[in-house]
Structure formats: C-alpha cells, structure tokens
Amino acid sequence: MVKKFAIGVDVGGSHISSVLVDINSGNIVKESLAEVKVDNQASANEILDKWAVAIVETMLFTDRDKLVGIGFAMPGPFDYKKGVALLKNVAKYDSLYGMNIGDELKKRLELPAEMPFRYSNDALSFAIGECWGGKAANYKNVMAITLGTGFGSAFLTNGVPVIDGDLVPEQGYVYNIPYKNGIADDHFSTRWFVDEYKRRTGKICAGVKEIADAVNEDEAAKLLFEDFGCNLANFLSSLLATFNAECLVIGGNISGAYSLFGNTFQEVLKEEKLNVDVVISELMESAAMVGSARLLDDEFWTKMEPLVAKI
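Reading the values: rules and limits
Residues numbered from 1 in each chain as written. Predicted model: local features only at pLDDT ≥ 70, side-chain atom pairs only at ≥ 80, totals over all residues. Heavy atoms only, no water. Phe/Tyr/Trp six-rings, centres within 6.5 Å; stacked < 30°, edge-to-face > 60°. Helix = DSSP H or I, 4+ residues; strand = E, 2+ residues; numbered from the N terminus. Buried < 20%, exposed > 50% of the residue type's maximum accessible area, 1.4 Å probe, protein only. Lys NZ or Arg CZ within 6 Å of the ring centre and 35° of its normal. Lys, Arg positive; Asp, Glu negative; His and termini not counted. Salt bridge = Lys/Arg side-chain N within 4 Å of Asp/Glu carboxyl O. Contact = heavy atoms within 4.5 Å. Pairing = 2+ DSSP bridges. Axes fitted to C-alpha atoms, helices over the stretch in contact; angles between N-to-C directions. Core = buried A, V, L, I, M, F, W, Y, C linked by side-chain atoms within 4.5 Å. Parallel < 35°, antiparallel > 145°, perpendicular 65-115°, else oblique. Left-handed = near helix turned anticlockwise from the far one by under 90°. Nonpolar A, V, L, I, M, F, W, Y, C, P; charged D, E, K, R; others polar. Expected span 1.5 Å × (residues − 1). Arc of directions from axis to C-beta.

Draft legend 1. Layout of the packing of aromatic side chains. Per the counting criterion, the structure on display carries 20 aromatic pairs. Ring plane angle 65 degrees and centroid distance 5.9 Å describe the contact between Phe-188 and Phe-228, whose orientation is recorded as edge-to-face. Of this pair, Phe-188 sits in the loop between helix H4 (184-187) and helix H5 (190-201) while Phe-228 sits in helix H7 (residues 219-243), placing them 40 residues apart in sequence. Pair check on accessibility: Phe-188 and Phe-228 agree, each one buried. Ring centres of Phe-193 and Phe-228 lie 4.7 Å apart, and the angle between their planes is 45 degrees; this geometry places the pair in the tilted category. Note that Phe-193 is positioned in helix H5 and Phe-228 in helix H7, a separation of 35 residues in sequence. Of the two residues, Phe-193 and Phe-228, both sit in the buried class. Members of the aromatic cluster, each reached through a chain of ring pairs, are Phe-151, Tyr-179, Phe-188, Trp-192, Phe-193, Phe-225, Phe-228, Phe-235, Tyr-258, Phe-261 and Phe-265. In this arrangement the basic side chain of Lys-106 is found over the ring face of Phe-117, its NZ or CZ atom lying 4.9 Å from the centre.

Draft legend 2. Local environment of the side chain of Arg-294. Topologically, Arg-294 is positioned in helix H9 (residues 285-294). One buried charged residue, Arg-294, forms no salt bridge at all, with the nearest opposite charge on Asp-297 at 4.2 Å. Excluding its chain neighbours within four sequence positions, the residues that come into contact with Arg-294 are Ile-128, Trp-132 and Phe-300.

Draft legend 3. Highlighting the sheet that holds strand E2 (residues 15-22). Strand order in the open sheet made by the five strands is E3-E2-E1-E4-E7, with mixed pairing throughout. Whereas interior strands pair on both sides, the edge strands pair on one side only; in this sheet they are strand E3 (28-37) and strand E7 (117-120). The mean inter-strand angle of the sheet, taken between neighbouring strand axes irrespective of direction, is 20 degrees. Relative to E7, strand E4 (residues 67-73) runs parallel, the two being bridged by four bridges. Each bridged residue has a counterpart across the sheet, and for Ile-70 the counterpart in E7 is Phe-117. Set on the sheet, helix H1 (residues 44-59) makes contact with strand E1 (5-11), E2, E3 and E4; between it and E3 the angle comes to about 160 degrees.

Draft legend 4. Structural detail: the nonpolar core. Counting residues in each nonpolar core, the largest one holds 68 residues, and the members touching the most others are Trp-51, Ile-101 and Leu-105. Tallying contributions element by element places H1 first for this core, with eight residues. Leaving out residues up to four positions away in the same chain, Trp-51 has contacts with Val-11, Ile-16, Val-38, Met-74, Tyr-93, Leu-96, Ile-101 and Leu-105.

Draft legend 5. The packing of H1 against helix H2 (residues 101-109), seen in detail. Interaxial distance between H1 and H2 falls to 9 Å at its minimum, and their mutual angle equals 60 degrees. When the interaxial angle is binned, H1 and H2 end up oblique. When the axes of H1 and H2 are compared, the crossing they make is right-handed. Only Ile-101, Glu-104, Leu-105, Arg-108 and Leu-109 of H2 make contact with H1, whose side of the interface consists of Asn-45, Leu-48, Asp-49, Trp-51, Ala-52, Ile-55, Val-56 and Met-59. Of the residues contributing to the contact of H1 with H2, the split by class is nine nonpolar, one polar and three charged.

Draft legend 6. Geometry of H1. In a regular helix each residue adds 1.5 Å, so 16 residues correspond to 22 Å; H1 covers 22 Å between its end C-alpha atoms and thus fits that length. Where H1 is concerned, the buried positions are Ala-44, Ile-47, Leu-48, Trp-51, Ala-52, Ala-54, Ile-55, Thr-58 and Met-59. The arc that holds the buried residues of H1, viewed along the axis, is 160 degrees, so those residues lie on one side. Along its buried surface, H1 packs onto E1, E2, E3, E4 and H2.

Draft legend 7. Fine view of the environment of Tyr-197. Within the secondary structure, Tyr-197 is located in helix H5. Taking relative accessible area as the criterion, Tyr-197 reaches 6% and is therefore assigned buried.

Draft legend 8. Broad picture of the sheet that holds strand E9 (residues 151-157). Spatially, five strands are ordered E10-E9-E8-E13-E14 in an open sheet, and the strand pairing comes out mixed. Each end of this open sheet is capped by a strand with a single partner; those strands are strand E10 (160-161) and strand E14 (277-280). Of the pairings in the sheet, the one linking strand E8 (residues 141-147) to strand E13 (residues 247-251) comprises five bridges and is parallel in character. Looking across to E13, one finds that Ile-145 is bridged to Ile-250. Packed onto the sheet, helix H8 (residues 258-271) meets E8, E13 and E14 and runs at close to 165 degrees relative to E14.

Remember, this is a structural readout, not a statement about activity or role.
Following this line, the structure appears as structure tokens:
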C-alpha cells in the first residue's frame with residue numbers, strides 16, 4: 001500500500017498546531033508536530049502567515065506528492081463547507097471575517113488550487129480522532145465530551161458524527177442544555193471550579209490544577225471534585241441512555257483530574273444502571289488534528305460532507 005499523508009490542523013484561541021497523519025492507519029508522525037503561538041487580535045495577514053509557518057514545518061516531513069490534503073479543526077462561527085471564516089465579535093480572529101481560508105493559505109504554502117482543504121469544528125474533530133486513532137475505535141455508539149474552558153460534545157455511530165434526529169440534542173451540543181440554575185456549560189467547565197471553590201472557601205485560585213493540587217490537604221477541594229463527578233453523571237445519564245452509548249470518551253484539561261471525580265461519576269452511572277465504558281483520552285490535543293486529517297479519507301468524507309453543511 002502506498003503511504004499517503006494528510007495534515008491535521010487544530011486552530012486554538014492563541015495557537016495553531018499541525019501534524020502529519022498516515023491516512024491509511026490514523027497514526028501520527030510525532031516528529032512532524034508543530035505549534036506556533038498566534039495573536040488572535042492581529043491583522044489577517046499576520047495570523048495567516050503564522051498559520052502557514054506551522055503547516056510548512058509539518059510539510060517538511062513528507063514528499064509533496066504523498067500529501068492528499070489538509071484538514072482543519074476550526075472554531076466557529078465558520079462556513080465549514082466553503083471554508084470561509086465568519087468569526088465576528090467573539091474576541092478572536094475577527095480580522096479573518098469573510099476570508100476563504102483555503103485560498104489564502106494555498107498561496108502562502110505554494111499548493112495547487114485543487115489540493116483539498118476540508119473543515120470541521122473542534123469538538124467533532126476531537127471525537128472523530130478518538131473514534132479513528134484513539135480508545136473509542138472499537139465501539140459503535142460513542143459520546144465524546146471535552147471538559148475545559150467550555151463543555152464540548154459529540155455523538156458518533158461507527159465513527160461518523162450524528163448531529164440530528166431523536167437520539168441526540170440539536171447539533172450534538174449539550175453545553176446549552178438547561179441545568180440547575182443555568183446551562184450545562186456553567187457547571188461543567190473551569191469557571192465552575194473557580195467560582196464554586198471561591199464560594200465555598202473564599203479562596204481565589206487560577207484554575208482546576210491549583211484546586212486539584214490542594215486535594216490532599218483541603219477537604220473542600222476534595223468534596224468539590226466529588227460533587228462535580230456526581231453532577232456530571234446525573235446530567236449525562238439520560239443523554240447516554242437515549243443514544244444507547246457504549247463508550248464515553250472524556251478529554252479536555254479537566255479530564256486530567258479524573259482520578260478525583262471518577263469514583264462518584266461511576267457510582268451514579270451504576271445507580272442509573274448504565275453499562276457504558278468510560279475512557280480518558282490519550283490523544284488529548286492530538287485528537288482534533290487526527291480527526292481533521294481523517295476528513296481527507298475520501299470514503300469517510302462521503303459520509304461527512306452532507307453533515308458539514310449543517311454545522
């Protein structure tokens with residue numbers, strides 16, 4: 001089999017990462033990983049030039065005739081079918097508004113106009129990556145969540161996202177579902193930990209890691225994680241049951257503290273009689289790049305393309 005590669009790109013709020021992915025296996029070429037910091041308030045030219053720097057660095061690890069295309073995990077709002085940035089008044093990348101990202105980058109990368117550039121959002125890309133090259137590869141129905149500054153989610157059947165129908169919430173989004181005195185995003189993100197810890201103790205902390213580091217000496221910190229696990233399981237139970245999920249993949253920075261909330265999380269799932277395998281992402285930041293590279297697999301793209309117009 002001839003080795004063919006795609007480049008998977010993850011566009012973050014303050015950086016861009018890219019890596020070479022073997023399109024036949026889903027394996028990454030680790031030494032090709034490039035990451036460049038980006039000022040998201042800069043001019044369009046400066047942003048695009050920085051993006052090009054990362055991708056060029058990754059391209060050094062393959063012959064151009066083996067490159068089948070580039071996939072992007074891109075934050076919204078974005079026209080994922082046409083590749084046009086629609087970010088406006090979202091405090092990042094405003095200067096790219098209305099630009100065709102593929103056209104702009106192909107000039108900088110000296111790639112032919114016909115080279116495929118394909119796009120998906122970051123949560124879907126993470127989930128696709130986990131179902132292709134991660135721990136969820138052998139399951140039929142998978143729910144994937146990311147716990148960090150926000151609460152990302154996706155549902156997949158046989159590795160393909162499910163974004164509508166009776167079994168999933170609209171677009172597969174759960175962050176906006178009402179929960180307690182707000183929405184899910186208020187309760188399953190970094191700001192809940194910071195705000196709730198301050199409310200309970202009066203102490204101000206920078207983030208979840210700081211609270212996690214205090215668990216052995218601070219009973220309030222320990223209870224905070226246990227409450228988080230209980231709340232998260234209570235919230236997810238009906239979603240997992242409705243989708244008949246066999247596997248739940250958890251990623252994002254907060255997943256690193258799973259040992260502190262996993263027991264209460266699993267206890268609630270057990271009480272709800274849910275038989276779901278819970279796995280913590282090992283790909284982590286690489287998952288979105290692996291998932292976006294998979295968009296260049298033409299067989300997979302035939303299933304994905306109709307969905308891209310809807311996200």
